[in-house]
Amino acid sequence: MSGVFIISFDCEGKWGVADHIDARIEESFTTTNLLQNYRDLLALLGEHGLRATFAFVGAYTLSAEAFLDRRVEYEPLLSSSWCRVFAAALQRGQIEGWFNPEAARLVARAGGHEIAGHGFSHRPLTPADATRDDVRWELDALRRLDLFDNQSWTLIYPRNQIGYVDELGDHGIVGYRERRQPAFGRAGALLSELNVVAAAEPHASDAAAIPIPAGFFLNWRSGGRRMVPAAVTVRRWTSLLRDAAKHDRVVHLWSHPHNFLTGDGMLPMFREIVRVAAAMCTRGALVNMTQIDYAKRVKSLDAIAVTPVSRWRAGDHDC
Ligand SMILES: [Zn+2]
């Protein structure tokens, strides 16, 4: 397979920080602010003809009314420790940042992008945090939403913590974003932001649910990470993109829409990376895919491994 460029966003509002919401988040995570991030990102991607995967927390895609209509169904969630802060906020009627159906609608209306799953409540889905029944409940609840019902879809695990992979196929999930473990923990992750000769990743092999190469987090310019100059991040991504093109590898950029709200100068930095990537896609050096494009491609490659190559080249997803 040729070099591939994937972009994915973890779309979660307050659900992603349900266990450690602070005053800064309370103040900044308003529906208006969060929606502006989606509008900005969709406009930028549209301008350059790039498609991305937007992986939503299921509950985040509902309105408060829709959630309350299904209150009986969601009762196990409301009584879980993960949702303690949310349940209290719901009780007080303070729902800013917890429900945002317009965000998913904006993505769907923009066309061409993939809407993927990021858990129903963002509770971690590892054996240390959840039972197999908990995981089934989360995936079933996601799948009952109109966004996913009866479709093949991909998953981005909450907190990037992988677990119960053998459950995915039974829920129509054809691929999930793999986890890239930074060497030397947080310090190593921060140092790697200075690596301007970074290399992309090899392609995935076929599996019941494809482990999509995890890629790299787009530096969130907040706290200590703000010290990394945006120009260095652009150089780093240019290196990754060139390496993927040169060696037929995968370069996967991931972030959260809300990182563009709380980080400094994120959008201009991302704009530069998108401009470089789009130019490479336009001249055929890279192919832009969503996660589900990629998972299906890996599966089809395996399925036709004994047939002529020309059979699948006709279906390439060019930019
Ligand atoms: Zn998340």
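On a predicted model such as this, the values are computed, not experimentally measured, just so you know.

Calculation rules
- Residues numbered from 1 in each chain as written.
- Predicted model: local features only at pLDDT ≥ 70, side-chain atom pairs only at ≥ 80, totals over all residues.
- Heavy atoms only, no water.
- Helix = DSSP H or I, 4+ residues; strand = E, 2+ residues; numbered from the N terminus.
- Rg over C-alpha atoms; globule rule 2.2 N^0.38 Å.
- Buried < 20%, exposed > 50% of the residue type's maximum accessible area, 1.4 Å probe, protein only.
- Contact = heavy atoms within 4.5 Å.
- Donors = N, O, S within 2.8 Å, 3.2 Å for Na, K, Ca; no water.
- Core = buried A, V, L, I, M, F, W, Y, C linked by side-chain atoms within 4.5 Å.
- 1 Å grid on protein atoms, 1.4 Å probe; cavity = no way out; pocket = protein on both sides within 12 Å on 5 of 7 lines; lining within 4 Å.
- Points joined across faces, edges and corners; volume = space filled by probe spheres on them.
- Nonpolar A, V, L, I, M, F, W, Y, C, P; charged D, E, K, R; others polar.
- pLDDT = per-residue confidence, 0-100.
- Arc of directions from axis to C-beta.

## Some details on the overall build of the protein
Then comes step 1: The helix and strand tally for the protein stands at 13 helices and 9 strands.
Then comes step 2: For 319 residues, the compact-globule formula gives about 20 Å, and the C-alpha radius of gyration of the protein, at 19 Å, lands near that figure.
Then comes step 3: Here the C-alpha coordinates of the protein stretch approximately 55 × 45 × 40 Å along the principal axes.
Then comes step 4: The buried share of the protein, reckoned over its 319 residues, is 53%.

## What to know about the environment of Ser 255
Then comes step 1: Relative to the helices and strands, Ser 255 resides in strand 8 (residues 250–255).
Then comes step 2: Placed 38 residues apart in sequence, Ser 255 and Phe 217 show a C-alpha to C-alpha distance of 5.8 Å.
Then comes step 3: With near-sequence residues (within four places) excluded, Ser 255 lies in contact with Ser 8, Phe 9, Asp 10, Phe 217, Leu 218 and Phe 260.

## Focus on the coordination of the zinc ion
Then comes step 1: Bound to the zinc ion on the protein side are Glu 12 (OE), His 118 (NE2) and His 122 (NE2), at distances that span 2.0 to 2.1 Å.
Then comes step 2: All donors of the zinc ion come from a single chain, and their spacing in sequence reads E-x105-H-x3-H. Residue Glu 12 is found in the loop between strand 1 (4–11) and helix 1 (23–28), and its partner His 122 is found in the loop between strand 3 (114–117) and helix 7 (132–143); the two are separated by 110 residues along the sequence. Of the two residues, Glu 12 and His 122, both sit in the buried class.

## Concerning the nonpolar core
Side chains of nonpolar character tend, in soluble globular proteins, to be buried together.
Then comes step 1: If you look at the biggest cluster of nonpolar residues, it comprises 82 residues, and the most contacted ones within it are Phe 9, Phe 54, Phe 56 and Phe 270.
Then comes step 2: By residue number, the principal contributor to this core is helix 11 (residues 266–282), which donates 10 residues.
Then comes step 3: The contacts of Phe 54, once residues within four sequence positions are left out, are Phe 9, Cys 11, Tyr 38, Leu 42, Leu 45, Val 107, His 113, Glu 114, Ile 115 and Ala 116.
Then comes step 4: Residues Ile 6, Val 174, Ile 292 and Ala 295 belong to the second largest nonpolar core, which totals 13 residues.

## Here's the deal with the layout of surface pockets
Then comes step 1: In this structure, the largest pocket occupies an estimated 1,600 Å³ of space.
Then comes step 2: Lining the largest pocket are 48 residues; nearest its centre among them are Arg 186, Phe 217, Arg 225, Trp 254 and His 256.
Then comes step 3: Among the elements that take part in the lining of the largest pocket, helix 8 (residues 185–192) stands out by supplying 6 residues, more than any other.
Then comes step 4: Partitioned by chemical class, the residues of the lining of the largest pocket number 14 nonpolar, 21 polar and 13 charged.
Then comes step 5: Considering only enclosed or pocket space, the second largest pocket measures out at about 230 Å³ in volume.

## As for the confidence of the model for the protein
Then comes step 1: Across the protein, the average pLDDT comes to 90, with 93% of residues at or above 70.
Then comes step 2: Within the model, the stretch residues 305–319 combines pLDDT values under 50 with 16 contacts to residues more than four positions away or in other chains.

## Re unusual backbone geometry
Then comes step 1: Positioned with a positive phi, His 122 is a non-glycine residue whose angle comes to about 75°.
Then comes step 2: Of the residues examined, His 122 reaches a relative accessible area of 2% and is grouped as buried.
Then comes step 3: In the Ramachandran plot, Arg 159 falls in the positive-phi region, its phi being about 60° despite a non-glycine side chain.
Then comes step 4: Tracing the backbone through its elements, the reader meets Arg 159 in the loop between strand 4 (153–155) and strand 5 (173–177).
Then comes step 5: Under the relative-accessibility criterion, Arg 159 is labelled partly exposed at 29%.

## A word on the environment of Gly 46
Then comes step 1: Its place among the elements puts Gly 46 in helix 2 (residues 31–48).
Then comes step 2: Taking the C-alpha atoms as reference, Gly 46 lies 34 Å from Asp 19; in sequence the two are 27 residues apart.

## A short note on helix 5 (residues 84–92)
Side chains that are three or four residues apart share a direction in an α-helix, a result of its 3.6 residues per turn.
Then comes step 1: Regarding helix 5, the residues found buried are Phe 86, Ala 89 and Leu 90. Down the axis of helix 5, the buried set is contained in an arc of 100°. They therefore lie on one face. For helix 5, the exposed residues set more than 90 degrees away from the buried face come down to Arg 84, Gln 91 and Arg 92.
Then comes step 2: The inward-facing, buried residues of helix 5 abut helix 3 (64–69) and helix 4 (71–78).
Then comes step 3: Of the residues flanking the end of helix 5, it is Gly 93, one or two places downstream, whose phi is positive at about 75°.

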